[in-house]
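Spelled out, the chains give:
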Amino acid sequence: MEEGFNAYRQSLESEEQSIKSTQSVVEQAIAWFRAHSMFVLAYGTGCGAIEMPPTFTSRYDIERLGVVGVATPRQADILIVSGYCSPKTLKRVIRSYEQMSDPKYIIGLGSCTINGGMYWDSYNTIKKLDDFLPVDMYVNGCMPRPEALIEGFVKLQEKIRLNSSEAGYIKYRDNYAHYRANQERLFGAQVAPSYEENFAGMN
Amino acid sequence: MVLIDCFLMLLLAYGFGFLYYGLYRNLSARVHGRFGPSLAQSFFDSVKLFVKEQSTTFGWMFYAGPIIMATGAVLNVLFIPFINHGDSLQGLSSSANLIVVLYLMVLGPLGNALGVGSNGNPFGVMGITRGLTRLIALELPFYLAVIGVMIDAGSADFSAIFEAQSQEMNLLKHPLLFMAAFISFLGFMGKSPFDVVGAPQEVYSGPATEFSGKFFALLLSQSAMFSFAKLLLMVNLFLGGADDLGDLVLKTFVLFVAATFIGSVYARFSTIQSVEFLMRIPTLLGIVGLALL
Ligand code: SF4
């Protein structure tokens, strides 16, 4: 058996081919359009948010990849949660996420979204964003440079193009009870109303 | 025959609308010192939005808003001739005149107001209030200029307006009227310094705030087509119309690039400032231009 970097790359490519072979041309085209047009709702929860303006403006110009910022969750495809979340912030993040229309994805920016980062023993921030919302792509670092965020976008683009059924919004719908239980545990009586009935009739 | 003609016109307006919108994003990126997205980016965006899910509903009026706007844009494209002679690319322009076209131009903002009014989003309402206030100020100089053009041609028919410009185009004959119309045209195109309606950082997306998915895509497509219709109207009124398709592309392109560059370097006026400015400078230019006729 072949070994090394090329072998690894080939195994990834063959995996991509096998997923693509199950999709029709129309599905592939739609996935391509989705991957090349990403509207971002950038939620500046933590200090990592300071790296987003250079990513979006002249210095790094992420609009080259078809990524633009939008001002309202209704039109957004991607939610960037940029760093630590206090329960109070998380409540707003969840509401914003639930107002977005499918297909939607989440990028967790910074170590704080992965495991709490340097706030892991803080008394009022959450440790793991994935317990409450389905994160599609993590960008680690404290704080991640714009290059890292761009890399994250490129990886997410590949994921969207494959149109896999493991996308976060599908996971959220299928495992809503799990996410909801975590949210209820954190927020207690102040939890926002459930959106579960809205899932009825969706594929 | 007319049907094929109309279909062709809509197709051209759709294609050029998105191409110009892409070009606008690209050119303003260059002004900012960036590379900007690909030319077809806006087209990708609209296709993606058409296949995205629609998540909100506020009753049928909410959906009727974008449809009324799109109707206005489509009718405008069909009623403005693309070419200044012959039978091709004339659409329905022989059964309409300038007054009908001007009337249809305000259908868009009204449809928008109806749609936004039904969703009650405060940013949408703020955006539309700004839009309608600005519209009053925009129309004054534009209509003065158009009246001048109609007096010069002795008719409101496009064919008479082309006829009157066969020797010398209105831009050279009546430069003051052109300047008055061009300043309002910047506002009609939503360019700075008059872009108070969808002003980011102030009212988020303005009137489009609550729209998502297909209806947002419809809004984007109609605005691309409507922009092309406005370019066409300016070309027909002041640049003598287009002799052929190449001429059409050239003239609309020059106007478009001028508007884009001016829009990229100016900061935004507040609503009151833009109303005051439009009521003073271009209106004065229009009145003097009319007096000199
Ligand atoms: S990962 Fe670092 S930079 Fe990002 S929010 Fe946490 S502490 Fe701040």
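The model shown is predicted, which means the values in this text are computed figures rather than measured ones.

## Thoughts on the overall build of chain B
Regarding its fold elements, chain B presents 12 helices and zero strands. Going from the N terminus to the C terminus, chain B shows its helices and strands as α-α-α-α-α-α-α-α-α-α-α-α. Scaling as 2.2 N^0.38, a compact globule of 293 residues should have a C-alpha radius of gyration of about 19 Å, and chain B matches this with 19 Å. With the C-alpha coordinates aligned to their principal axes, the bounding extent of chain B is approximately 55 × 45 × 40 Å. With 293 residues in all, chain B has 56% of them scored as buried. Put simply, of all contacts in chain B between residues at least 6 apart along the chain, 79% involve residues at least 24 apart. Put simply, chain B shows about 12,200 Å² of open surface, and 71% of that area lies on carbon and sulfur atoms. Taking the average location of the 14 positive side-chain charges in chain B and that of its 16 negative ones, the two points are 13 Å from each other.

## Topic: the overall build of chain A
If you tally the helices and strands in chain A, you get eight helices and five strands. Counting helices and strands in the order they occur from the N terminus, chain A gives α-α-β-α-β-β-α-β-α-β-α-α-α. For 203 residues, the compact-globule estimate of 2.2 N^0.38 gives 17 Å, and the C-alpha radius of gyration of chain A, at 18 Å, lies within 12% of that figure. Overall size of chain A, expressed as C-alpha extent along the three principal axes, is 55 × 45 × 40 Å. A burial count over chain A gives 48% of its 203 residues as buried. Residue pairs in contact within chain A that sit at least 24 positions apart in sequence constitute 78% of those at least 6 positions apart. With the model as given, the accessible surface of chain A reaches about 10,300 Å², and the carbon-plus-sulfur share is 53%. Mean positive and mean negative side-chain charge positions of chain A (21 and 24 charges, respectively) differ by 7 Å.

## With respect to helix α11 (residues 245-265) of chain B
It helps to recall that an α-helix has 3.6 residues per turn; residues three or four apart then point in one direction. Residue and element names in this part refer to chain B. For α11, with 21 residues, the first-to-last C-alpha span of 31 Å sits near the 30 Å given by 1.5 Å per residue. Of the positions making up α11, those classed as buried are D247, L248, K251, T252, L255, F256, V257, A259, T260, G263 and S264. Looking at the buried residues of α11, the elements they touch are α1 (2-31), α9 (175-188) and α10 (213-238). Taking the backbone nitrogen of G246 as reference, a side-chain oxygen 3.2 Å away marks D244 as the first, capping residue of α11.

## A closer look at the interface of chain A and chain B
Counting from both sides, the interface comprises 25 residues of chain A and, opposite them, 27 residues of chain B. A combined buried area of about 2,300 Å² lies between chain A and chain B, and 53% of that area is made up of carbon and sulfur atoms. Taken as a group, F33, R74 and Q75 of chain A account for 27% of the area that chain A buries against chain B, more than any other trio of residues on that side. Here chain A and chain B share six salt bridges between them.

## What to know about the pairing of strand β4 (residues 105-109) of chain A
Residues and elements named next belong to chain A. Counted residue by residue, β4 has five buried out of five residues, so it is predominantly covered. Burial along β4 is two-sided: Y105, I107 and L109 facing one way and I106 and G108 facing the other are all buried. Pairing analysis gives four bridges linking strand β3 (residues 78-81) to β4, with the strands arranged parallel. If you follow V81 over to β4, its bridge partner there is G108. The pairing of β4 with strand β5 (residues 137-139) spans three bridges and is classified as parallel. By the bridge assignment, L109 is partnered in β5 with V139.

## What to know about the packing of aromatic side chains
Scanning all chains against the criterion turns up 30 aromatic pairs over all chains. An angle of 85 degrees between the planes, with centres 5.4 Å apart, marks the rings of Y97 of chain A and Y172 of chain A as edge-to-face. With Y97 of chain A in helix α4 (residues 87-99) and Y172 of chain A in helix α7 (residues 168-174), this residue pair connects regions lying 75 residues apart in the sequence. Note on Y97 of chain A: relative accessible area 0%, which makes it buried. Look at Y20 of chain B and F256 of chain B: their rings are 4.8 Å apart centre to centre, the planes differ by 10 degrees, and that puts the pair in the stacked class. One end of the pair, Y20 of chain B, is in helix α1; the other, F256 of chain B, is in helix α11, and 236 residues separate them in sequence. No difference in accessibility class separates Y20 of chain B from F256 of chain B, as the two residues are buried. Among the aromatic residues, those joined into a ring-pair cluster are W32 and F33 of chain A together with Y14, F18, F43 and F44 of chain B.

## Looking at the sheet that holds β5 of chain A
Residue and element names in this part refer to chain A. Strand order in this open sheet of five strands is β2-β1-β3-β4-β5, and the pairing throughout is parallel. Either end of the sheet is taken by a strand with one partner, and the two such strands are β2 (67-69) and β5. This sheet shows a mean twist of 30 degrees between the axes of neighbouring strands, independent of strand direction.

## Concerning the site of the ligand
Neighbouring the ligand are the residues C47, G48, G83, Y84, G110, S111, C112, M118, Y119, G141, C142 and M143 of chain A. Of the residues that constitute the shell around the ligand, the class distribution is seven nonpolar, five polar and no charged.

## Thoughts on the pairing of β3 of chain A
Residues and elements named next belong to chain A. The two faces of β3 match: I78 and I80 on one face and L79 and V81 on the other face are all buried. The pairing of strand β1 (residues 38-43) with β3 spans four bridges and is parallel. What sits directly across from A42, in β3, is I80. Since β3 and β4 lie parallel, the crossover through α4 that links them has a hand, and here it is right-handed.

## Thoughts on a nonpolar patch on the surface
All names here are of chain B. Taken together, the side chains of V31, F261, V265 and Y266 present a nonpolar region at the surface, about 400 Å² in accessible area. Looking at the secondary structure, you find F261 in helix α11. Judged by relative accessible area, F261 falls into the partly exposed class, the value being 40%.

The rules we used
Residues numbered from 1 in each chain as written. Chains lettered and ligands numbered in written order. Predicted model: local features only at pLDDT ≥ 70, side-chain atom pairs only at ≥ 80, totals over all residues. Heavy atoms only, no water. Helix = DSSP H or I, 4+ residues; strand = E, 2+ residues; numbered from the N terminus. Rg over C-alpha atoms; globule rule 2.2 N^0.38 Å. Buried < 20%, exposed > 50% of the residue type's maximum accessible area, 1.4 Å probe, protein only. Contact = heavy atoms within 4.5 Å. Areas by Shrake-Rupley, 256 points an atom, 1.4 Å probe, with all protein chains shown as cover. Lys, Arg positive; Asp, Glu negative; His and termini not counted. Charge placed at Lys NZ, Arg CZ, Asp CG, Glu CD. Expected span 1.5 Å × (residues − 1). Polar contact = N/O pair within 3.5 Å; in protein donor to acceptor, adjacent residues only side chain to side chain. Buried area = accessible area lost by both parts, 1.4 Å probe. Salt bridge = Lys/Arg side-chain N within 4 Å of Asp/Glu carboxyl O. Pairing = 2+ DSSP bridges. Phe/Tyr/Trp six-rings, centres within 6.5 Å; stacked < 30°, edge-to-face > 60°. Axes fitted to C-alpha atoms, helices over the stretch in contact; angles between N-to-C directions. Near = heavy atom within 4 Å. Nonpolar A, V, L, I, M, F, W, Y, C, P; charged D, E, K, R; others polar. Right-handed = clockwise from strand over helix to strand, strands pointing away. Patch = residues over 30% accessible without salt bridge, like charges linked within 9 Å, V, L, I, M, F, W, Y side chains within 5 Å.

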